[in-house]
Amino acid sequence: MKVLRSMVLVSVDDTSLARGAQDVFRALLDEIDEFGLTDQVAVTTIRDVGIHEDTPLVIVYPDAAVYGSVTVADVHTIVEEHLCKGNIVPSLLAMMHEFGPETGWMRGRRGALPVQKRIVLERAGIVDPESIEDYISYDGYQALGKALTQMTPAEVIAEVDKSGLQGRGGAGFPTGQKWRFVASTPGSPKYVICNADESEPGTFKDRLVLEGDPFSMIEAMTLAGYAVNAQEGYIYIRGEYPLAHRRIENAIQQAEAHGLLGDHIFGTDFSFHIHAHAGAGAYICGEETALIESLEGKRGMPRARPPYPTTYGLFGKPTVVNNVETLANVPPIIRNGAAWYRQVSSSKSAGTKVYTILGNVNFTGAIEVPMGITLREVIDIYGRGMKNDKKLKLVQTGGSSGTIVPASLQDVPLDFEAFRNAGVSLGSGALLVCDEDTCVVDLAKAILRFFRNECCGKCTPCRIGTLRLYEIVSQISEGKASLTDLDLMLRISEAMSEVSNCGLGQTASTALRDFMKYFRAEIETHIVERACPSGVCPVLHSMPDSILTP
Amino acid sequence: MEPEVSELDLASLVDKVVGKHGATRDAIIPILSEINRVLGYVPAAALPEIRRRIQAPQEGMFLADSHLYSAVSFYQMLSLQPIGRHVIRFCESAPCHVIGGRQVIQALQDELGLKPGQTSNDRKWSLLMTSCLGVCSVGPVFLIDDDIHGNVTPEQVPDILARYE
C-alpha cells in the first residue's frame, strides 16, 4: 500500500496562472521525482483560496505551511528542506498580513492550518474490526494491561481527571469526577454503562467507533469497571445499528476467549463481564436515566433527578454512564498519560472532537480535529466549501437540540468554553450547514416535528409544548398565524426550558429561539406578507430575496 | 394475508426466545424485539406468554401484562399490529430534510399511493416515518426492511421500489 506522507497544493486561480503557477507545478513534480519522493507525496491543484497577493501559493500538508509567492527557482529549496528534511522554510512563507478579509482567520493559526488529529477514530477504517489480533497489534489492550498491573483504581481515576476529559455526549461533565463519585459511593454491585444510543439527528460518530473499532469500547469499559470497582457492564446500542451490535457481540466473545474479558483478566483478581443490549427505537433513551429504565425492560422515560445514576442507577445501584466517544478517549489517555492528552488541543477544552459535517457542503462526513477549530475552517477546509457556490446562511451545531449559528458568527472557536460563552452548544458534534435557499420556518418545522414525535409524554411542559410549538410553526408556514403567536411561542419555549423534566424538553426549542433571535424578519414576512422568501413553504408565494437581505 | 400464529407456535416461539435471552428484567426489550423480528409484530397473545416465563414473585420479580404492553407500545421498532411485508422507514430529521428529503418523500407517496403511516391493501408496503438513522452523510436516506438507500433522488424511487417482490 502506498502511504502518503505529505500533500502539496498549488493554487491555480487566475492571478496564480498569470504568474506561472503551471511552471511551478511542473517543477514540483520534477523535483519530487528527483528526490525519489513520488510515492510519498501527492501534488494537486486548488482553485481560489482567497489570497491574491502572494500567488502562486504552494501549501504543504500536514504542516499546512503556506508558501508564496513561489517561483520555479524556489521549488528546489521547498522540496529539499520541507518535503525531504521536514523543516519549514520561513523565508519563503506567504506574508500573513496580506490575507484578505475572507481569510483573516488564518492569521490566528500562525502559518498552520488545523489538520485532523485522530484519537477516537485512530483505528476506525484501518484495522479489521472483527479481529482482536489486529486490535492488539495497533496498541490495543496496552492501556488495560498497564492499569491492571501497574496502577491502582484511584490512580486510573486521577489520570483521567488530570487529562481534563469531558463527556462527549453533549453535557460536557468531567469524566474523572463522575468516576470518582461512583467509586466513592457505597453500594454493591456497581455498573458501567456505555451509552451507544446515538440518536441525535445528524450524528453518527459513535457508529463509526462501534463498527470500526469495537474492541476499543470493550477495553475502555473494562478500564472504567476497574476504576470504579464494577464487575458488570452494559453497552446499550440503538436498535437502528444492527451491524454495530453484531460487531460488539463478536468483540465480547473474542475478548473473553483471549482472557481479556471475564474472570481474572490478565491473570489478576479483577473480573468484568459485558452485555450487548439493543434498543428498540426511541430517541429519548439517549438520556441516561431513560436508558437505564429501558435496560430494566420498561418504557424509556427519564427519572426525576436527583438521585443521579452515580448513586441510584441501574437496578438502583451506583452506575457510571459514559458516551461512546468519551470512553474511546480513555485507553489512549491511560496509555500515553494525561500530559500527552492535555497538549493535543491549544484551547481550554482538552483533546479532540469528532464532528459530522452535513448539509449543503461539497463534502459530508466525519472529521476528528483538536478542540478550538472554527466553523469557517470546518466548512472551507473539510467541507470543501459550499455546494454550488451558494452563500452560507446558518449552521445548526449539536444536532436538532443544538443552537443556530448565523453566518456572521462562524468564527467562534468550537470548544466547550467558547461555545458556552457565545451561547452556542457543541452538543453531539453534528454540524448541519444550510445555504441561502433554506427557509428557517421550514427548518424549524422539521426540527419541532422531530421533538413532537420523540417526546416521551411523561412531563406536561414538554408533552404539550412540543405539540403546540409544532402547530404554531405549521400555521406560520401556511400563512395562518398572527404576530402575537410569536410571543406565545417564546413564552412556551421559556416554560419548557425551565420546567421540563429532562434535556429533551429543555432543549427542544433551542433552535426556535435562535431563529427568532437571528431571523425574526424572515419569520414575520411569512406572517405579515404571507410570503416565503426562499420559496420553500408551498402554500405561500415567494419573494425576491433582496427584500430581506440586510 | 394475515400472518396466522397458532397458540402452540406462539408458546414454542416464546419459549425459544426467552431461553435465548434469559428470564431477566434486562432481557424484556430484546425478547420483544426478537418476537417482532420473527413475526413482523408482537401479537397481544404473546404478552401473557412472556409474562408467565419471566415473572418470579418469590424472587421479587413482579410483572404484569400491562407492563409489557406499555413497553411494546412505546418503542418505534415494535408494533402491536401486523404491517406490510416490506417496511419503508423514511428519515424525516433535519439533515435529510434540508438536502432534498421533501421531494423524495413526495415521490414515495405518489409512487405507492400511501400516506405516511399507512399500509397498502395488499400488505406489500408500509410507509413509516422515522427519526435519524445515523447515515446522514449520504442523505436523503430511507430504509426498506434492512437495506439502506442513500443519496436518493425522486427519479430513482420507482427503480428502487421495483427491486422488491
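Please read these numbers as outputs of a predicted model, since none were measured by experiment.

Undergrad: Describe in detail the overall build of chain B, supporting the description with residues and values.
TA: Looking only at helices and strands, one finds six helices and four strands in chain B. For chain B, the sequential pattern of α-helices and β-strands runs α-α-α-α-β-α-β-β-β-α. Principal axes of the C-alpha set define a box for chain B whose edges measure 60 × 35 × 25 Å. Buried residues in chain B amount to 36% of all 165 residues. Considering only residue pairs separated by 6 or more positions, chain B has 62% of its internal contacts joining residues 24 or more positions apart.

Undergrad: I'd like a description of the interface of chain A and chain B, backed by residues and values.
TA: Listed as interface residues are 41 residues of chain A and, on the opposing side, 29 residues of chain B. Where the side of chain A that touches chain B is concerned, the elements lending two or more residues are β7 (273-278), α11 (288-295), β9 (352-359), β15 (430-435) and α16 (440-454) of chain A. Looking at the side of chain A that touches chain B, the element that brings in the most residues is α16 of chain A, giving seven residues. Of the residues that constitute the side of chain A that touches chain B, the class distribution is 16 nonpolar, 17 polar and eight charged.

Undergrad: Can you lay out the pairing of β9 of chain A for me, pointing to particular residues and giving the numbers?
TA: Each regular strand displays side chains that alternate between the two surfaces of the sheet. Residues and elements named next belong to chain A. Among the eight residues in β9, eight count as buried, and that is most of the element. Alignment of β9 against strand β10 (residues 365-370), held across six bridges, turns out to be antiparallel. Bridge assignment links Tyr-355 to a residue of β10, and that residue is Ile-367. A loop of five residues connects β9 with β10, the two strands running antiparallel in sequence. In this sheet, β15 lies alongside β9 in parallel orientation, the contact comprising four bridges.

Undergrad: Describe in detail the domain arrangement of chain A, supporting the description with residues and values.
TA: Each domain of chain A was delimited in the assignment, giving domain 1 (6-109), domain 2 (132-338), domain 3 (352-435) and domain 4 (440-547). Computed from C-alpha atoms alone, the centre-to-centre distance between domain 1 of chain A and domain 2 of chain A is 45 Å.

Undergrad: Can you tell me about unusual backbone geometry, naming the residues and giving the values?
TA: Residues apart from glycine generally show negative phi values, whereas peptide bonds are mostly found in trans. All names here are of chain A. Along the chain, Arg-305 connects to Pro-306 via a cis peptide bond; the corresponding omega equals -5°. Look at the link from Pro-306 to Pro-307: it is a cis peptide, with omega at 5°. Here Pro-307 shows up in the loop between α11 and β8 (319-323). Within the chain, Arg-530 stands out as a residue other than glycine whose phi angle is a positive 50°.

Undergrad: Could you give an account of the packing of helix α9 (residues 214-228) of chain A against helix α12 (residues 324-336) of chain A, with specific residues and numbers?
TA: Residues and elements named next belong to chain A. Orientation of α9 relative to α12, taken along the N-to-C sense of each, is 75°, at an axis distance of 8 Å. By the criterion of interaxial angle, the relationship of α9 to α12 is roughly perpendicular. Together, Ser-216, Met-217, Glu-219, Ala-220, Met-221, Leu-223 and Ala-224 of α9 and Val-324, Leu-327, Ala-328, Val-330, Pro-331 and Ile-334 of α12 make up the contact between the two elements. Looking at the contact of α9 with α12 residue by residue, the class counts come to 11 nonpolar, one polar and one charged.

Rules used throughout
Counting of residues starts from 1 at the beginning of each chain's written sequence and follows it residue by residue. Lettering of chains starts at A and numbering of ligands starts at 1, both following the order in which they are written. Local features in this predicted model are restricted to residues whose pLDDT is 70 or higher, and side-chain atom pairs enter the listing and the counts only when it is 80 or higher, whereas totals over whole chains, interfaces and linings include all residues. Note on conventions: DSSP H or I runs of at least 4 residues are helices, E runs of at least 2 residues are strands, and numbering of each starts at the N terminus. For the exposure call, what matters is how many other C-beta atoms sit within 10 Å of a residue's own: 20 or more marks it buried, 12 or fewer exposed, and in between partly exposed, using C-beta atoms placed from the backbone. A pair of residues counts as a contact when their C-beta atoms, built from backbone coordinates, are separated by no more than 7 Å. Residue type decides the class: Asp, Glu, Lys and Arg count as charged, Ala, Val, Leu, Ile, Met, Phe, Trp, Tyr, Cys and Pro as nonpolar, and the leftover types, Gly among them, as polar. Here the rule is simple: two strands pair whenever DSSP picks up at least two bridges between them. Where each domain begins and ends follows an automated or database-derived domain assignment. Think of each axis as a best-fit line through the C-alpha atoms, taken over the contacting stretch in the case of a helix, with angles from 0 to 180 degrees between the N-to-C directions. In this scheme, roughly parallel covers angles under 35 degrees and roughly antiparallel covers those over 145, while 65 to 115 is roughly perpendicular and the rest are oblique.

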